[in-house]
Amino acid sequence: MSQTPLPHLQVELDKLKACIHCGMCLPACPTYRVTGSEAESPRGRLYLMKKMLEGDLSADAVGPHLDQCLACHGCETVCPSGVQYGTVLLGTREDLAQRDTSSKRKVKRYIFKHILPNHALLVIGGALLRFYQRIGLRKLVRQFKILKPFPKLDYQERLLPDLPKRKALPTNMVFGDLNGEPVSLLTGCVMDIFYNPVHWDTVEVLVANGYRVTVPEQQCCGALAHHAGETDITRELARLNIDDILKTNPKWIVVNSAGCGSTLKEYGHLLAGDPLYETRAAEFSAKMVDVMELLAKKPLAPFRNYAMHETITYHAACHLYHVQKVKTEPIELLAQIPGIELVPLENAEACCGSAGIYNVEHPELSTEILDSKMSYVKAACQGQGATTLATGNPGCHLQLEKGIQANQLPMRVRHPISILAEAYRAPQNKDSNG
Ligand code: SF4
Ligand code: SF4
């Protein structure tokens, strides 16, 4: 790595200096809990960043510790000094990415810039994966351990959920009452391929609650690029999204993926100082809401289904709980459904180890963090009878499904909006329900 200045870290220096080294964040930090190492804690990482800025430590020495951070923001929630750790971290990652000339970075950049924003390509990839699963190839690959010589690929293959048949939401079609409050729904990339039915559930619940929903022309939100420090790509995508979405003049811009929502709400910060976009980026961020946040603003419309019986526990996605501060809304909404029993999940707001592509890049640490999470999920399932684990982020969904499978728990993972959608449907008789 060549040595160049650290402009973004320099800008965030005051935020870094707010740390009073009290250590209250240490028990809340998943990587510290697993490794016991100060260098893998929020306080330690802030110190390393400061030393790098002062020239006492090299980027090569500090970079790996920042890479191992989940960017879960769990430390911010407990910090008495209000240190905005996530902003400092992501600014520093951008600085380090810019000075990284390795081929690994070039490949990642290519994926963030040319693959993830290419939705048609993702749809084709998703269809091929589904074909691979449906014709039984996956079964053979797993049975004969064909990917064993490639442990990373094997791990990634095992992370894949059963891909649903994708039914695209038509762009610019109006759903619901023409006089309803207009909302634009963002469908994202991973969510739309892996959990596409969740979008239809989202439309159904919003329409039942009187909103007029459209799916505008849109791009990938750039969250994964931002977390990897490739924030210039995120800014490019943000400008395209702002142009496409604001022209539809929505009252609210809605998303059902916590990871996407946190970055979309950051557009105002990311484009501050951009003469053409600063104002509109701030407007965009002010209109951004997670679907649970929006539904909690007004009393829910009456449900139609009084035949639901489900014991649910709730995992709070980091980017919903710690970043967007949407903490109680999903539980409060689910609690209103007749026939639903909610049981608490201890440490519900602790990271599951998914964190964007962290589980792909750091499979061992991610698995240790997941194991810790699963000890609480197991207690909710075996001790309190939870049969559903609700969560509002596709990365957590994938990761927790893997944990449930590995622990052979009689549970399923569902997005809270899918549970609400079921409550808005007329009950089907048992035979047709299966
Ligand atoms: S809790 Fe906040 S102030 Fe205390 S060590 Fe952690 S980051 Fe610093
Ligand atoms: S963001 Fe999460 S993993 Fe990173 S230092 Fe904070 S608590 Fe630890």
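Residues numbered from 1 in each chain as written. Chains lettered and ligands numbered in written order. Predicted model: local features only at pLDDT ≥ 70, side-chain atom pairs only at ≥ 80, totals over all residues. Heavy atoms only, no water.

1. Focus: the site of ligand 2
In the vicinity of ligand 2, the residues found are Cys-29, Pro-30, Thr-31, Pro-42, Arg-45, Cys-69, Leu-70, Ala-71, Cys-72, His-73, Cys-75 and Tyr-85. More than half of the atoms of ligand 2 fall within 2 Å of the grid points belonging to the second largest cavity. Among the elements of the structure, helix H3 (30–35) and helix H4 (42–53) are those that each provide at least two residues to the shell around ligand 2. When its residues are assigned to classes, the shell around ligand 2 shows nine nonpolar, two polar and one charged. (Near = heavy atom within 4 Å. 1 Å grid on protein atoms, 1.4 Å probe; cavity = no way out; pocket = protein on both sides within 12 Å on 5 of 7 lines; lining within 4 Å. Sits in = over half its atoms within 2 Å of the grid points. Helix = DSSP H or I, 4+ residues; strand = E, 2+ residues; numbered from the N terminus. Nonpolar A, V, L, I, M, F, W, Y, C, P; charged D, E, K, R; others polar.)

2. What about the domain arrangement of the protein?
Domain boundaries in the protein define domain 1 (7–101), domain 2 (105–159), domain 3 (174–295) and domain 4 (310–433). Taken over C-alpha atoms, the centre of domain 2 sits 26 Å from the centre of domain 3. If you look at the interface, domain 2 gives 11 residues, while domain 3 gives 14 residues. Roughly 1100 Å² of surface becomes buried between domain 2 and domain 3 when both sides are summed, with 67% attributable to carbon and sulfur atoms. The three residues of domain 2 that bury the most area against domain 3 are Arg-109, Phe-112 and Leu-116, which together make up 45% of that side's buried surface. At the boundary of domain 2 with domain 3, the tally comes to four salt bridges. Summed over the shared surface of domain 2 and domain 3, the number is five residue pairs in polar contact (both at pLDDT 80 or more). (Domains from an automatic or database assignment. Contact = heavy atoms within 4.5 Å. Buried area = accessible area lost by both parts, 1.4 Å probe. Salt bridge = Lys/Arg side-chain N within 4 Å of Asp/Glu carboxyl O. Polar contact = N/O pair within 3.5 Å; in protein donor to acceptor, adjacent residues only side chain to side chain.)

3. Concerning the side chain of Thr-31
Inspection of the secondary structure assignment puts Thr-31 in helix H3. A residue is classified by how much of its surface remains accessible, and Thr-31, at 2% relative accessible area, is buried. (Buried < 20%, exposed > 50% of the residue type's maximum accessible area, 1.4 Å probe, protein only.)

4. Points about helix H11 (residues 151–159)
When H11 is considered as a whole, its buried residues turn out to be Asp-154, Tyr-155, Glu-157 and Leu-159. If you follow the buried residues of H11, they end up packed against helix H9 (119–134), helix H10 (137–143), helix H22 (358–361), helix H23 (363–384) and helix H24 (394–406).

5. Examining the site of ligand 1
Of all residues adjacent to ligand 1, which total 13 residues, the nearest are Cys-19, Cys-22, Gly-23, Cys-25 and Cys-79. At a threshold of 2 Å from the grid points, most atoms of ligand 1 map onto the largest cavity. Here the shell around ligand 1 is built from residues that sort into nine nonpolar, three polar and one charged.

6. Section: empty space enclosed by the protein
Overall, the coordinates contain three cavities of 30 Å³ or more when judged by the stated rule. In this structure, the largest cavity occupies an estimated 120 Å³ of space. For the largest cavity, the lining is made up of 16 residues, of which Cys-19, Cys-25, Leu-46, Cys-79 and Val-83 are closest to its centre. Mapped onto the lining of the largest cavity, the elements with two or more residues apiece are H4 and helix H6 (74–78). Among the elements that take part in the lining of the largest cavity, H4 stands out by supplying three residues, more than any other. Considering only residue class, the lining of the largest cavity consists of 12 nonpolar, two polar and two charged. Taken as a whole, the second largest cavity spans an internal volume of roughly 80 Å³. Lining the second largest cavity are 14 residues, with Cys-29, Arg-45, Cys-69, Cys-72 and Cys-75 positioned closest to its centre. Where the lining of the second largest cavity is concerned, the elements lending two or more residues are H3, H4 and H6. Tallied by class, residues from the lining of the second largest cavity come to nine nonpolar, four polar and one charged. (Points joined across faces, edges and corners; volume = space filled by probe spheres on them.)

7. A closer look at the sheet that holds strand E9 (residues 412–414)
Read across the sheet, four strands follow the order E7-E6-E8-E9 without closing on themselves; strand pairing throughout is parallel. Whereas interior strands pair on both sides, the edge strands pair on one side only; in this sheet they are strand E7 (340–342) and E9. In this sheet, neighbouring strand axes are inclined to one another by 35 degrees on average, regardless of whether the strands run parallel or antiparallel. In terms of strand pairing, strand E6 (residues 310–314) meets strand E8 (residues 388–390) through three bridges, oriented parallel. Within the sheet, the bridge partner assigned to Thr-313 lies in E8 and is Leu-389. (Pairing = 2+ DSSP bridges. Axes fitted to C-alpha atoms, helices over the stretch in contact; angles between N-to-C directions.)

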